[in-house]
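What follows is the residue order along each chain.
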Amino acid sequence: MISLSVWSSFRPGGWFVLTVLVSSMLGACTLAAEPLTHQPLPHEPLRVAVAANFKPVLEQLINDSSMAIKLSSGSTGALYAQIKYGAPYDIFFAADDIRPEKLESSNLTRIRKTYAYGRLVLWIPEKKLHTASTPGETTLTEFSGPIAIANPLHAPYGRAAKELLSHFETNNAKPVFGLSVAQAFTFVRTGNAPAGLVGLSQVIASSISKDRYWLVPELYHEPIRQQLVVMKTAPGSAEVFLDFLYRDTSRAVITEAGYRLPEDDH
Amino acid sequence: MLEVSADIVRPGGFTLAINTSFPNDRVSALFGPSGSGKSTILRLIAGLEHEDGTIIRFNGETWQDGNVFLPPHHRQVGYVFQHLNLFPHLSVDGNLAYAEDRQHRTTGMSRCDIIEILHLQDLLDQPPGQLSGGEQQRVAIARALLSNPQLLVMDEPLGSIDAAAKDRILPYLQRLHMNLEIPVIYVSHSLDEVLYFADTVYTIEAGRITRESSVVEFSVDGIGIHQSEAAAIIRCRVVVTDEDFSLTEVSFEQQTIYISSDKFRPGDDIRVKIPARDVSLSRQRHSSSIINVIETTISSIMDPGDGPTAMVKLSCGEQHLLTRITRKSLKELALRPGEKVFAQIKGVALMTDYER
Amino acid sequence: MDQDLISLFITIRLATTTTIFLILFGTPLAWWLSQSRGWLRTLIEPMVALPIVLPPTVVGFYLLIAFSPDSLPGELWQSATGTTLAFSFSGLVVGSVIYSLPFYVQPLQVAFSALQRELIEAAATLGASPLDRFISLVVPLCRRGFFIAICLSFAHTVGEFGIVLMIGGNLPEETRVLSIALFDHVESLDYGRAHLLSLGLILFSFVLLLVLYSVDRRWQKVTGVAR
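Residues numbered from 1 in each chain as written. Chains lettered and ligands numbered in written order. Predicted model: local features only at pLDDT ≥ 70, side-chain atom pairs only at ≥ 80, totals over all residues.

## A few points about the overall build of chain B
So, point 1. When its secondary structure is counted, chain B shows 8 helices and 20 strands.
So, point 2. Computed over the C-alpha atoms, the radius of gyration of chain B is 22 Å, within 12% of the 21 Å expected from 2.2 N^0.38 for a compact globule of 356 residues.
So, point 3. Principal axes of the C-alpha set define a box for chain B whose edges measure 65 × 50 × 35 Å.
So, point 4. When each of the 356 residues of chain B is scored for burial, the buried share is 40%.
So, point 5. Considering only residue pairs separated by 6 or more positions, chain B has 68% of its internal contacts joining residues 24 or more positions apart. (Helix = DSSP H or I, 4+ residues; strand = E, 2+ residues; numbered from the N terminus. Rg over C-alpha atoms; globule rule 2.2 N^0.38 Å. Buried ≥ 20, exposed ≤ 12 C-beta atoms within 10 Å, placed from the backbone. Contact = placed C-beta atoms within 7 Å.)

## Remarks on the sheet that holds strand S9 (residues 213-215) of chain A
Adjacent strands of a sheet pair through backbone hydrogen bonds, lying either parallel or antiparallel.
All names here are of chain A.
So, point 1. A sheet is described by the order of its strands in space; here 5 strands give the open sequence S7-S6-S8-S5-S9, paired in mixed fashion. Of all the strands in the sheet, just strand S7 (173-178) and S9 have a single pairing partner and so form its edges. Taking each pair of neighbouring strands and ignoring which way they run, the sheet shows an average axis angle of 25°.
So, point 2. Sheet analysis places strand S5 (residues 120-123) next to S9, joined by 3 bridges and oriented antiparallel. Across the sheet, residue tryptophan 123 finds its bridge partner in S9, namely tyrosine 213. (Pairing = 2+ DSSP bridges. Axes fitted to C-alpha atoms, helices over the stretch in contact; angles between N-to-C directions.)

## Focus: the domain arrangement of chain B
Residues and elements named next belong to chain B.
So, point 1. Structurally, chain B comprises domain 1 (2-222) and domain 2 (231-354).
So, point 2. Placing a centre on the C-alpha atoms of domain 1 and another on those of domain 2 gives a separation of 32 Å.
So, point 3. At the junction of the two partners, domain 1 supplies 8 residues and domain 2 supplies 10 residues.
So, point 4. Considering every element that reaches the side of domain 1 that touches domain 2, the biggest residue donor is helix H7 (residues 215-222), with 4 residues.
So, point 5. Class assignment for the residues of the side of domain 1 that touches domain 2 results in 6 nonpolar, 2 polar and no charged. (Domains from an automatic or database assignment. Nonpolar A, V, L, I, M, F, W, Y, C, P; charged D, E, K, R; others polar.)

## Topic: the interface of chain B and chain C
So, point 1. Contacts between the two partners involve 20 residues from chain B and, on the opposite side, 15 residues from chain C.
So, point 2. Of all the secondary-structure elements, those providing two or more residues to the side of chain B that touches chain C are strand S6 (77-80) and helix H2 (92-101) of chain B.
So, point 3. No other element matches S6(B), which puts 3 residues into the side of chain B that touches chain C.
So, point 4. Class assignment of the residues belonging to the side of chain B that touches chain C gives a composition of 10 nonpolar, 9 polar and 1 charged.

## Observations regarding the environment of C:Ser7
Residues and elements named next belong to chain C.
So, point 1. Position of serine 7 among the secondary structure elements: in helix H1 (residues 2-35).
So, point 2. Judged by the 22 C-beta atoms lying within 10 Å of it, serine 7 is buried.
So, point 3. Considered as a pair, serine 7 and glycine 26 are 19 residues apart in the sequence and their alpha carbons are 27 Å apart.
So, point 4. Look past the residues within four positions of serine 7 in its chain and what remains in contact with it is Arg176, Val177, Leu178 and Ala181.

## Quick notes on the sheet that holds strand S3 (residues 91-93) of chain A
Residue and element names in this part refer to chain A.
So, point 1. The strand order across the open sheet formed by 6 strands is S2-S1-S3-S10-S4-S11, and the pairing between neighbours is mixed. A single partner strand is all that each edge strand has here, and the edge strands are strand S2 (69-74) and strand S11 (259-260).
So, point 2. Pairing analysis gives 3 bridges linking strand S1 (residues 46-51) to S3, with the strands arranged parallel. Looking across to S3, one finds that valine 48 is bridged to isoleucine 91.
So, point 3. Against the sheet, helix H4 (residues 76-84) touches S1, S2 and S3, its axis set at about 145° to S1.
So, point 4. Across the sheet, helix H10 (residues 237-245) is in contact with S1, S3, strand S4 (109-118) and strand S10 (224-231); its angle to S1 comes to roughly 50°.

As structure tokens, this is what we get:
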């Protein structure tokens, strides 16, 4: 980018600029390259990435822990890609177990464990209903119209929803796919879909009354196992946070938010 | 009969206040300087402008008044614009066909006649962009005629054409004039065109019509002595054609004039224009190369008092001639109204027309 | 594999349908904008241009709300057709028409404005009614503007993602357009298919623009008018 003519006319200045450029490039390479060599100082905040649906819960827990933690959220897929290509996170809370497994097999992690199980609910808001009763097992067979679910291809709640639907004779229910379970929720929220298969945590967070949804028994689908990974380059404070996470008070918070706890299988 | 009544005031100072009728059987010319409102009148007639308070009636049919407004495509007004406006995406033939396909009615000049009169046979396949200004204007006129209008308006049709081309087109307009049976309203600020083509002249100034007269009267009285194109229009009758000399003898107020055309037959009534600058005066009949010498009486003298020339109006029988002479000659010849003088008409190249 | 082919057809069908609606509704709008001088025009013109500057997710979000049976437009649609506007091909058409509107209207409006008014007046005096004048004169003379408008709005609809994402529901037979299919492949880590689809889209856009520019240049030479 520095053309030859500019270089020659700014001989001393040119060298200076060149030096600055080269050293900053080297520095950038160093930063972006193997984080293996980077050891954050103890009082630097922990960098945590979380899948969007767990974010509110994690925020509360971080608050309770009073640890210095920087939180970023996004879709599991996007965060996975970023981490794989070098984003400097210390802990990653995914919404599934597939991406954490992949990171582990790429040799980037030192811990992988389940932090919660998501629960699926069938939510039918009280709008223009044909049934005023609380949704239940029989609702799906009787139901006709669009039913919003997350995309089964890459969203764990979507996969679970699809599995659930395969158990029933749902001739008239037409699944409509949201990009994520959050979008599925929006479809129902805005009234475009009369019903949706969404996360328990979502209906709890939106204070939706219990008589408007049916908590889907886990026998109808593979458990929605949400796992976290601790990156190899994370400081010791990562384990400190994990200990906090598995304390009883924290676990209560997680349960209240609408997740099932892993049965002490570390 | 076309009746036009308008009272318009526009921001910026433009006003138009007229209340006139234009007879059906002739060419009416609107003559005046730029900005006097001539084009606006034409646009109102055609329905291209819509101003409150305007009343337009044609042959008893109300085109426009307080309640009614007939849009332009129903008015059957053929319009020849100043700036040509041939459709660029069609050939000449296509432009003509455009008019033909939407003909207002079935009577009117035939396509063959129009093409023949305006000499368009060789231009039919060409795109308009490749024609000269004069050729384009002939096409524009033909196109307006092919829609068989009841009324033809022409807005400075020769305005954007150079002088040489103008001279070539004027004869076409002449021939049209002879063949047209519809009224024509012709707008121009060129005296030459008006004298050439018009039957009645309406002088318009600052949005008002200040004078209405036949072209003959207008030529002699209405022009003003500073106009370099001042000319007299006279009516003559063809006597005989002298083929040896390629001259035609015509009688004018019991005198003889020779013109250089050979298109006429004995007995034809024709109109001749004689520019004031082509007429000189003398107290005696001289033997000279000028063969057209007419006995006249001085009718009036318009001497401006300054400047080199003065205009003298001569009468000959019922008709008049104009001559422009230097004030010096005026003084030296001691010319006075009522005196007899000989008018020498230089040259025999005179524009001619059939009298209608 | 088959599914991607279906997505291709859906995309082409969406772009074609949208373009047809744009021709029907956008043409009179562009004409009015080019001829009008009133205050209404100063209001409508920026409204038409809005989708250019707004993020598609914003437009899509408000469309989602508008389509809902709880709001008036959605309710009207539901009572007329019995189905929701969201998650349907019709919904995508509505969204695409709104979102591609400025890409159709603006080039056309420019072409119309450049037209000499006197040509149209001449046609009127020759007996052409307003509709006749439009078809026989305005359309052929503004060919270039129409061509650009159609190509741009077609291409824009093909590439649309944000709107379809918000209101489409990703239905494989109805609303899963190519751009969504592409996104799905990326999310599912099926990069091979993702590359295939992207290259296809890039190639299509490139060819379309190539055709657009060459035809345009050829027209300039023929008519001698750089309009």
